[in-house]
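Commentary on secondary and tertiary structure
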Number of protein chains: 2
Amino acid sequence: MTSGETMPEKPELDFPRPLTTVDVVIFAIRSDALQVLLVQRPKAETEPFPGAWGLPGGFVDIAGDRDLEACAARKLKDKTGVVSPYLEQLGSWGSAGRDPRGWSATHAYFALLPEQAAGGALAADAQWFAVEGERVRPKLAFDHAEILQAAVQRLRSKVEYTSLPAYLMPVEFTLPELQRTYEIVLDRPLEKSAFRTRMLAADLIEPVAKMRKGPNRPAQLYRLKKAKAPVFFARTFNPPD
Amino acid sequence: MTSGETMPEKPELDFPRPLTTVDVVIFAIRSDALQVLLVQRPKAETEPFPGAWGLPGGFVDIAGDRDLEACAARKLKDKTGVVSPYLEQLGSWGSAGRDPRGWSATHAYFALLPEQAAGGALAADAQWFAVEGERVRPKLAFDHAEILQAAVQRLRSKVEYTSLPAYLMPVEFTLPELQRTYEIVLDRPLEKSAFRTRMLAADLIEPVAKMRKGPNRPAQLYRLKKAKAPVFFARTFNPPD
DNA sequence: TAAGTTAGTTGGACTGTACAACTAAGTATG
DNA sequence: CATACTTAGTTGTACAGTCCAACTAACTTA
């Protein structure tokens with residue numbers, strides 16, 4: 001017990017403890033859409049939700065995991081082979097009913113992967129799914145649909161006033177490409193000139209001496225500045241009403 | 001396990017589980033200052049951090065607590081006797097070393113109490129402490145200083161662009177009193193006219209047919225509208241630089 | 001009646017977005 | 001080789017809301 005609650009005579013260390021897990025919501029932009037990485041649960045009938053899709057995650061390894069974030073980073077690396085440039089705690093879900101095996105609590109994280117990292121080799125049981133609204137097509141195990149919904153809401157909310165989408169970009173990118181990423185996540189168009197003004201005013205990106213060439217006018221390429229901490233803006237974009 | 005991680009032959013239900021607790025950071029405005037409720041740990045030498053101050057909290061009661069939030073609400077009520085109008089999950093902290101008894105994880109919440117609720121009778125081991133910067137005077141048990149710091153940061157951050165301080169007010173209050181609460185939490189002065197414009201434009205408060213009388217010009221009294229969900233503003237106040 | 005204090009309003013400067021029209025630079029087409 | 005088409009990027013005006021400062025309003029006390 002980590003509190004000052006009045007205690008009985010002897011420590012309650014033998015009290016039943018909840019099952020404790022960590023789950024990770026991993027986002028990336030793929031095929032011009034926001035996608036999330038899911039894993040298929042084993043099909044053994046002894047398992048809860050056999051064969052269903054769910055968030056990557058699992059038990060905390062008391063022997064191997066130093067802390068919760070290290071545990072989340074480990075699970076992310078297990079499934080994608082890469083280290084995420086952005087890993088944030090999302091919240092925790094714990095209740096008597098969310099796992100059929102008994103009272104359980106999960107610590108949820110969410111991660112952003114740049115496009116190239118999301119294109120690498122996945123674990124055999126892992127697969128990308130498009131986020132449609134705040135959900136995915138398959139019915140998810142446990143309360144993972146609820147956790148995913150919270151993750152999408154948190155992501156959309158923060159994209160309104162931070163530079164988080166920069167972590168979804170490749171090393172070099174153009175301003176229209178960055179704007180497109182914002183628009184994909186927010187699912188609404190943004191004003192071009194206001195977007196450029198804001199991004200260039202923030203001490204966030206710097207031009208590289210190259211252009212992105214395509215069928216039309218070439219665009220200036222930028223990269224994130226060394227200071228990689230996300231930038232917070234003083235306003236949201238279009239007051240979403 | 002609440003995830004799709006590949007599993008060994010049999011369920012790992014016998015794996016060692018972390019100690020699991022819930023802690024609550026309870027804020028109120030008292031004596032024109034931001035204060036937090038702490039409890040003194042029992043002095044028995046068998047306890048970790050005997051006699052030290054810490055956050056209210058304790059073990060999850062698998063038999064009695066439906067979910068984590070109910071557990072947090074219970075602990076809040078135990079110490080203050082009241083129900084908070086605002087209870088938000090703050091995050092979770094889990095590691096091998098934060099509790100001397102072994103690998104442990106705590107689910108932290110933060111709550112806002114209106115002045116009158118904070119003035120009631122407390123549990124015998126509980127006491128209010130002024131928040132100075134992002135800390136309190138006494139050295140806290142476990143990693144509670146870190147959790148408190150995160151709570152203060154979260155509160156200050158949200159006060160920049162939400163109506164959260166309204167939950168720290170009594171039922172009826174004036175606009176200057178509300179502004180003073182914002183200033184206490186943010187620890188910086190705000191512009192009077194911009195503050196009034198913002199608050200009155202938000203569909204947040206409504207005037208009551210009474211005035212606050214004092215030694216000077218009386219002030220219009222307001223109360224929160226029925227729709228009690230916090231309001232999000234499109235801008236922060238003074239870009240805190 | 002005058003001074004002091006706090007409540008509340010008003011107006012101009014300034015910042016940054018909204019909207020729309022414009023110029024710039026490339027490819028593809030006839 | 002001229003023209004259309006597309007996307008990159010700029011410019012200008014309107015507007016919303018804050019910042020800053022001065023102002024008026026209402027009450028108490030001396």
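Residues numbered from 1 in each chain as written. Chains lettered and ligands numbered in written order. Predicted model: local features only at pLDDT ≥ 70, side-chain atom pairs only at ≥ 80, totals over all residues. Heavy atoms only, no water.

1. Topic: the protein's contact with DNA strand C
Inspection of the region around DNA strand C gives 21 residues, with P215(A), N238(A), K192(B), N216(B) and Q220(B) positioned closest. Taking Q220(B), its main chain carries an N or O atom lying 2.7 Å from a phosphate oxygen of DNA strand C. Of all the secondary structure elements, the ones that give two or more residues to the surface near DNA strand C are α5 (192-201) of chain A together with α5 (192-201) and β10 (219-224) of chain B. Partitioning the surface near DNA strand C into residue classes produces 7 nonpolar, 7 polar and 7 charged. (Near = heavy atom within 4 Å. Polar contact = N/O pair within 3.5 Å; in protein donor to acceptor, adjacent residues only side chain to side chain. Helix = DSSP H or I, 4+ residues; strand = E, 2+ residues; numbered from the N terminus. Nonpolar A, V, L, I, M, F, W, Y, C, P; charged D, E, K, R; others polar.)

2. Overview of the protein's contact with DNA strand D
Close contacts around DNA strand D come from 21 residues, with K192(A), N216(A), Q220(A), P215(B) and N238(B) the closest. Each atom of DNA strand D within 4 Å of the protein was classed as base or backbone; sugar and phosphate made up 70%. Here a base nitrogen of DNA strand D and a side-chain polar atom of R217(B) are 3.0 Å apart. One nitrogen or oxygen atom from the side chain of R235(B) is found 3.0 Å from a sugar or linking oxygen belonging to DNA strand D. Contributing elements (two or more residues each) for the surface near DNA strand D: α5 and β10 (219-224) of chain A together with α5 of chain B. Classifying every residue of the surface near DNA strand D gives 7 nonpolar, 7 polar and 7 charged.

3. Let's talk about the domain arrangement of chain A
Residues and elements named next belong to chain A. Domain annotation for chain A reports domain 1 (19-158) and domain 2 (161-224). Between domain 1 and domain 2, the C-alpha centre-to-centre distance is 28 Å. Listed by partner, the interface residues are 18 residues for domain 1 and 13 residues for domain 2. Together, the buried faces of domain 1 and domain 2 total about 1,400 Å²; carbon and sulfur atoms form 66% of this surface. When the area that domain 1 buries against domain 2 is broken down by residue, the three leading residues are I29, R156 and K158, summing to 37%. If you look at where domain 1 meets domain 2, you find 1 salt bridge. Here D32 ties to R180 by a salt bridge, and the two come within 2.9 Å at their closest N and O atoms. Counting every contact that joins domain 1 to domain 2 gives 5 residue pairs in polar contact (both at pLDDT 80 or more). Put simply, the parts of the chain that give the side of domain 1 that touches domain 2 at least two residues each are β1 (19-30), β2 (33-40), β6 (104-112), α2 (115-118) and α3 (144-159). Take the side of domain 1 that touches domain 2: its biggest share by element is 4 residues, from α3. (Domains from an automatic or database assignment. Contact = heavy atoms within 4.5 Å. Buried area = accessible area lost by both parts, 1.4 Å probe. Salt bridge = Lys/Arg side-chain N within 4 Å of Asp/Glu carboxyl O.)

4. What about the pairing of strand β2 (residues 33-40) of chain B?
Residues and elements named next belong to chain B. Counting buried positions along β2 yields 6 of 8 residues, so the element is predominantly enclosed. Sheet topology places strand β1 (residues 19-30) next to β2; 4 bridges connect them, and they run antiparallel. Its bridge partner being in β2, A28 is matched across the sheet by Q35. Counted along the chain from β1 to the antiparallel partner β2, the turn is 2 residues long, and its residue S31 has a positive phi close to 55 degrees. Where β2 meets strand β7 (residues 126-130), 5 bridges bridge the pair, whose relative direction is antiparallel. Within the sheet, the bridge partner assigned to V39 lies in β7 and is A126. (Buried < 20%, exposed > 50% of the residue type's maximum accessible area, 1.4 Å probe, protein only. Pairing = 2+ DSSP bridges.)

5. Section: the sheet that holds strand β8 (residues 172-174) of chain A
Residue and element names in this part refer to chain A. Strand order in the open sheet formed by 3 strands is β8-β10-β9, with antiparallel pairing between adjacent strands. The two strands at the open ends of the sheet, each matched to only one other strand, are β8 and β9 (205-212). Averaged over all adjacent pairs, the angle separating strand axes in this sheet is 45 degrees, with direction ignored. Two elements, β9 and β10, share 5 bridges in a ladder whose sense is antiparallel. Bridged to P207 within β10 is Y222. Each of β8, β9 and β10 touches helix α4 (residues 175-186); the most contacted strand, β8, lies at about 85 degrees to it. (Axes fitted to C-alpha atoms, helices over the stretch in contact; angles between N-to-C directions.)

6. Things to note about the interface of chain B and chain A
Taken together, the 61 residues of chain B in the interface contact 61 residues of chain A. Of the roughly 4,900 Å² buried between chain B and chain A, counting both surfaces, carbon and sulfur atoms make up 55%. Linking chain B with chain A are 0 salt bridges, by the criterion used here. Where chain B meets chain A, there are 13 residue pairs in polar contact (both at pLDDT 80 or more). At the level of secondary structure, the elements contributing two or more residues to the side of chain B that touches chain A comprise β1, β2, β4 (57-59), α1 (68-80), β5 (86-95) and β6 (104-112) of chain B. Element by element, the count of residues in the side of chain B that touches chain A is highest for β5(B), at 6 residues.

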